Amino acid sequence: MANNPTHAEVSQLPQPGERPDLAAELAREREEVGRLRDLLIARDAELGAARGKLAMIEQSSRRLGEAAARVPIPGATRLLQGLIRLVQRAVR
Amino acid sequence: MAAPRFSILTPVYETPADVLTEMLDSVRGQGFEDWELCIVDDASSSPQVRRILERARQRDPRVRLSVRAENGGIVAASNDALGLASGEFIVLVDHDDKLHPDALALVDEAIAANPEADYVYSDEDKLDEGGHHLSPFLKPDWSPERMRTQMYTCHLSVFRRSLVEEVGGFDADFEGSQDWDLVLKATERARAVAHVPRVLYHWRGIATSAAAGEQVKPWAFEAGRRAVQAHCERIGLQARVERDEKDPGIYHLEPELTDEPLVSIVIPTNGQRREVRYQEVALVGHCVRSIVASSSYENYEIVVVADSSTPPAVLEEVEAAAGERLRLVEFDRPFNFAEKINAGAARGEGEHLLLLNDDIEVATPNWLERMVMYSRQPGIGAVGGRLLLEDGRLQHGGVGFEGGLPGHPYYGWPGDAPGYANALKIARNLLAVTGACLMTPKALFEQVGGLSLDFPVNYNDVDYCLRLREEGARVVYDPDLVMYHFESSSRSSDVAEWEKEELLARWAAVTTPDPYSNPNLKEGMPHLGSPFLWARRRLRLRQRLAGAVAR
């Protein structure tokens, strides 16, 4: 949404016919301020997108860390495999 | 012979031999044995398919086989299979997929726990070409709003057979999405829907399966859109259904209101000023200007509840922006956010109330139409949307509960992030949405006594939504309603311990666990916690033992 000047700001602007050179200068400066503000807003949005991705990655890495901590102990797997081999031999 | 509990319906067509055998083995390997398998071969040309099916029938009397003389497509074959069924419930299993060995046992348990359940579904995952399990889809409990924007129940689906017959079985008008159409029709009439939060179905993503994406069966996604549109018309939801431009599996509801009931937008304020996008503004003035400038809805009033300390210049700004729409309510009592909202609501004359923080900026022109579309629907108590921080990151995509306390899953993620299983891109039900932007029918607001004054600062919105649920009303999150929220500009976001304790004392039984999350999700994402690992380990162990015995 466009940001309009407040009533107070509007009332402070020179009126047409009263210092036209100053009014034009002010208008130019206002335009420049607006342009720079738009650039800042766009940069904030880029920064926001990057910060958002970072938040996603951080959460994902935390989850992976938690999952890694739950990986079963290798010895237990070997024991289970041994049991399976015993079953296989028994069936044969 | 007595009718079995379950009739598994499986239309078969040109299925690769190994895949078909695995499907049959997964049915025969069910721990729960009271089933029949109703197979219809849709005129496969491969003699191998016929041989495998004949052998399965000879080996197990519970296998019933019918062979079509000519290919009729999935709907015709499914209806033929339904014709063979005699079970109390029908179970849909595709010819190339697999059931978890405990699938039928756990569904049976769910039905025993909820005898009125006419439809039961479970979580699912996918199988790749190598047979590896991928992409577990961990689902919420029954969420009618989600069902309109995503076919999320999908597999495993179990229906009471009498209900399926009542709605006319599979409808050829929705070939390719006939299952979605059936779920919609059945749940319009179902007494109860049950969810088993376990991965009971393994969906194979082979080249010819819809699981592989839109390019395989493009017509199926368009049929899905038509099925939801037909459903909206049946239930009187004033919406046009549109497909997502990027993701074929998700849909959007666009409001098509026949009229515009009066909406009262209630904005509490103390006239605070703050910098927004590098310009200092009075927040309430900025908010009201954005409503007036951006809203396409015509019939609304703005009720501003202003502390008596609000600077007159701010009120003049609001008056100038809102004009005739403004109703100004002066609030001169000690701070109580809930009381301020209630005071504004009492002054509002609208059929629907919209609770809005003064640090909100409208970013969706048809935001009010969207909210009214839902709010006027019977059974819906509150509607909220997707709120973004000033830099575009996500502030609110619905309230989720963990340990009984509310939070904002995906907070701080990119504003266009889809979330897990597209949770942020689809409409869905939740226990609560933020009161920063919440529409509710005024009659319901009055019926439950408005916001509770016991929560003067935090949780009054959550408590309100939970009371709506107690009244049988649902809370909806609409992802296409986007607003900016300059978050807690006017008050501290800290939550006091007593507020947490009070909320837990009132609602822990409802919010623990959050029915719209899943026991295997944490902060909105799959969490490899013990229940999930247990299921996978057990399955793998069974498969290895079965392999050992077979050898």
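The shown structure was predicted, so the numbers you read here are calculated from the model rather than taken from an experiment.

Draft legend 1. The overall build of chain A, seen in detail. Assigned secondary structure in chain A consists of 3 helices and 0 strands. Traced from its N-terminal end to its C-terminal end, chain A shows the element sequence α-α-α. Put simply, chain A has 92 residues, and 2% of those count as buried.

Draft legend 2. Focus on the overall build of chain B. Along its length, chain B carries 16 helices and 27 strands. The C-alpha radius of gyration computed for chain B amounts to 26 Å, which stays within 12% of the reference 24 Å derived for 551 residues, consistent with globular compactness. Along the longest, intermediate and shortest principal axes, the C-alpha atoms of chain B span 90 × 45 × 45 Å. Here chain B holds 551 residues, and the buried ones make up 51% of them. The long-range share in chain B, meaning contacts at least 24 apart out of those at least 6 apart in sequence, stands at 78%.

Draft legend 3. Layout of the confidence of the model for chain B. Per-residue pLDDT for chain B has a mean of 93; in total, 93% of the residues score no lower than 70. With pTM at 0.88, the complex prediction returns an ipTM value of 0.82.

Draft legend 4. Layout of the pairing of strand S9 (residues 192–204) of chain B. All names here are of chain B. Here S9 lies mainly inside the structure; 12 of its 13 residues are buried. Examined bridge by bridge, strand S6 (residues 117–127) and S9 share 10 bridges and lie parallel to one another. Bridged to Asp125 within S9 is His202.

Draft legend 5. Region of interest: the environment of B:Arg160. Residue and element names in this part refer to chain B. Tracing the backbone shows Arg160 in strand S8 (residues 157–160). Among the residues examined, Arg160 registers 21 C-beta atoms within 10 Å and is labelled buried. The sequence separation of Arg160 and Gly285 amounts to 125 residues, and the corresponding C-alpha distance is 56 Å. In this structure Arg160 touches Glu88, Phe89 and Asp118, once residues within four positions along its chain are discounted.

Draft legend 6. Local environment of helix H1 (residues 17–28) of chain B. Residue and element names in this part refer to chain B. Counted at 1.5 Å a residue, the expected span for H1 with its 12 residues is 16 Å, and the 16 Å between its end C-alpha atoms agrees. Along H1, the positions that sit buried rather than exposed are Leu20, Met23, Leu24 and Val27. Down the axis of H1, the buried set is contained in an arc of 95°. They therefore lie on one face. Residues of H1 that are buried in the fold lie against strand S1 (6–12), strand S2 (35–41), helix H2 (47–59) and strand S5 (98–99).

Draft legend 7. Up close: the packing of helix H9 (residues 283–294) of chain B against helix H10 (residues 312–322) of chain B. Residue and element names in this part refer to chain B. The N-to-C vectors of H9 and H10 enclose an angle of 0°; their axes lie 9 Å apart at closest approach. Between H9 and H10, the crossing angle belongs to the class labelled roughly parallel. Of the residues in H10, those touching H9 at Val284, Gly285, Val288, Arg289 and Val292 are Val314, Glu317, Val318, Ala321 and Ala322. In the contact of H9 with H10, the residues fall into 7 nonpolar, 1 polar and 2 charged.

Draft legend 8. Expanded view of the confidence of the model for chain A. Across chain A, the average pLDDT comes to 79, with 72% of residues at or above 70. For chain A, the element scoring lowest by mean pLDDT is helix H1 (residues 7–12) of chain A, at 57; helix H2 (residues 20–69) of chain A scores highest, at 91.

Draft legend 9. Region of the structure containing the interface of chain B and chain A. Chain B puts 26 residues into the contact, and the matching count from chain A is 24 residues. Among the elements of the structure, H9 and helix H16 (530–550) of chain B are those that each provide at least two residues to the side of chain B that touches chain A. Counting residues per element, the side of chain B that touches chain A draws most heavily on H16(B), at 5 residues.

Draft legend 10. Fine view of the nonpolar core. Residue and element names in this part refer to chain B. Ranked by internal contacts, the top residues of the largest apolar core, which has 161 residues, are Val91, Ile265, Val266 and Cys465. For this core, the leading source of residues is S9, giving 7 residues. Filtering out sequence-adjacent residues up to four positions away, Ile265 remains in contact with Ile291, Tyr300, Ile302, Val303, Leu354 and Leu356.

Draft legend 11. Spotlight on the pairing of strand S4 (residues 89–92) of chain B. All names here are of chain B. The alternating pattern of S4 places Phe89 and Val91 and Ile90 and Leu92 on opposite faces, both of which are buried. Where S1 meets S4, 4 bridges bridge the pair, whose relative direction is parallel. Directly across from Ile8, in S4, lies its bridge partner Val91. Relative to S8, S4 is paired through 4 bridges, and the arrangement is antiparallel. Counted as the bridge partner of Val91 is Val158 from S8.

Draft legend 12. Focus on the packing of helix H7 (residues 178–189) of chain B against helix H8 (residues 218–235) of chain B. All names here are of chain B. Interaxial distance between H7 and H8 falls to 9 Å at its minimum, and their mutual angle equals 15°. It follows from the interaxial angle that H7 and H8 lie roughly parallel. Considering the relative orientation of H7 and H8, their crossing is right-handed. In contact with Trp180, Asp181, Leu184 and Glu188 of H7, H8 contributes Gly224, Ala227, Val228, His231, Arg234 and Ile235. The residue inventory of the contact of H7 with H8, partitioned by class, reads 5 nonpolar, 2 polar and 3 charged.

Draft legend 13. Geometry of the environment of B:Ala56. Residue and element names in this part refer to chain B. Looking at the secondary structure, you find Ala56 in helix H2. Sequence-wise, Ala56 and Leu24 are 32 residues apart; in three dimensions their C-alpha atoms are separated by 7.6 Å. If we ignore the near neighbours within four places in the chain, the residues touching Ala56 are Leu24 and Val63.

Draft legend 14. Local environment of unusual backbone geometry. Residue and element names in this part refer to chain B. Of the consecutive residues His155 and Leu156, the connecting peptide bond is found in the cis state with omega at -5°. Within the secondary structure layout, Leu156 lies in the loop between helix H5 (144–147) and S8. Its identity is not glycine, yet Glu14 carries a phi of approximately 50°, on the positive side. With respect to the element layout, Glu14 can be found in the loop between S1 and H1. Despite not being glycine, Ala43 shows a phi value in the positive range, around 60°.

Draft legend 15. Layout of helix H3 (residues 73–84) of chain B. Residues and elements named next belong to chain B. With 12 residues, H3 should reach 16 Å at 1.5 Å per residue; the first-to-last C-alpha distance of 17 Å fits that figure. For H3, every residue scored as buried is listed here: Val75, Ala77, Ser78, Asn79, Asp80, Ala81 and Leu82. Elements in contact with the buried residues of H3: S1, S2, strand S3 (63–67), S4, helix H6 (161–166) and H7.

Draft legend 16. View of the environment of B:Val27. All names here are of chain B. Along the polypeptide, Val27 turns up in helix H1. For Val27, a count of 24 C-beta atoms within 10 Å translates into the label buried. Each C-alpha atom of the pair Val27 and Val63 lies 9.9 Å from the other, and the pair is 36 residues apart in sequence.

About the cut-offs
Residues numbered from 1 in each chain as written. Chains lettered and ligands numbered in written order. Predicted model: local features only at pLDDT ≥ 70, side-chain atom pairs only at ≥ 80, totals over all residues. Helix = DSSP H or I, 4+ residues; strand = E, 2+ residues; numbered from the N terminus. Buried ≥ 20, exposed ≤ 12 C-beta atoms within 10 Å, placed from the backbone. Rg over C-alpha atoms; globule rule 2.2 N^0.38 Å. Contact = placed C-beta atoms within 7 Å. pLDDT = per-residue confidence, 0-100. Pairing = 2+ DSSP bridges. Expected span 1.5 Å × (residues − 1). Arc of directions from axis to C-beta. Axes fitted to C-alpha atoms, helices over the stretch in contact; angles between N-to-C directions. Parallel < 35°, antiparallel > 145°, perpendicular 65-115°, else oblique. Nonpolar A, V, L, I, M, F, W, Y, C, P; charged D, E, K, R; others polar. Core = buried A, V, L, I, M, F, W, Y, C linked by C-beta atoms within 7 Å. Left-handed = near helix turned anticlockwise from the far one by under 90°.

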